[in-house]
Amino acid sequence: MDHGTAISCAFVNNIRYFCKKVEVENNINPKSSDMKKYKCAVCGHIYDPAEGDPTRDIPPGTPFEKLPKDWTCPICGATKDEYMEME
């Protein structure tokens, strides 16, 4: 499987915390329209598949449904069950 690299940055309240180079599989399209964003009902954090979660080494292009079962909100620690699909 082909791999590429991308630069992923973590932002909280429009403040850039850090950026790092991550490997991505070329068969994942981070801009895919079928990958929906999800919002944390506790703190309002938005998981955007196009960005992934660099705080937990989740690469860009990872849909919410493919996050590990034990993944939690990087802001407040809420579980995946606390996230709601955005329209």
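I will try to describe carefully the structure that is included in this document. (Residues numbered from 1 in each chain as written. Predicted model: local features only at pLDDT ≥ 70, side-chain atom pairs only at ≥ 80, totals over all residues. Heavy atoms only, no water.)

Here we come to the overall build of the protein. The helix and strand inventory of the protein stands at zero helices and five strands. Helices and strands appear in the protein in the N-to-C order β-β-β-β-β. Scored against the burial criterion, the 87 residues of the protein give a buried share of 31%. (Helix = DSSP H or I, 4+ residues; strand = E, 2+ residues; numbered from the N terminus. Buried < 20%, exposed > 50% of the residue type's maximum accessible area, 1.4 Å probe, protein only.)

Glancing now at the pattern of salt bridges. This model, assessed by the stated rule, comprises three salt bridges. Of the charged contacts in the structure, one is a salt bridge between lysine 37 and aspartate 48, with a shortest N-O distance of 3.8 Å. In this pair, lysine 37 is assigned in the loop between strand 2 (15-25) and strand 3 (38-40) and aspartate 48 in the loop between strand 4 (46-47) and strand 5 (83-85), connecting sequence segments eleven residues apart. The salt bridge partner of arginine 56 is aspartate 53, with a shortest N-O separation of 3.5 Å. The class for aspartate 53 is buried, based on a relative accessible area of 5%. (Salt bridge = Lys/Arg side-chain N within 4 Å of Asp/Glu carboxyl O.)

Within this structure, the stated rule accounts for six aromatic pairs. When the centroid spacing of 5.5 Å and the interplanar angle of 40° are considered together, the rings of phenylalanine 64 and tyrosine 83 count as tilted. Of this pair, phenylalanine 64 sits in the loop between strand 4 and strand 5 while tyrosine 83 sits in strand 5, and the two are 19 residues apart along the sequence. On the basis of relative accessibility, which here comes to 7%, the residue phenylalanine 64 falls in the buried class. Here tyrosine 83 falls in the buried class, since its relative accessible area comes to 7%. Ring-pair connections join several aromatic residues into one group, and the members of that group are Tyr38, Tyr47, Phe64, Trp71 and Tyr83. A cation over a ring is seen here: lysine 80 above phenylalanine 64, with NZ or CZ 5.3 Å from the ring centre. (Phe/Tyr/Trp six-rings, centres within 6.5 Å; stacked < 30°, edge-to-face > 60°. Lys NZ or Arg CZ within 6 Å of the ring centre and 35° of its normal.)

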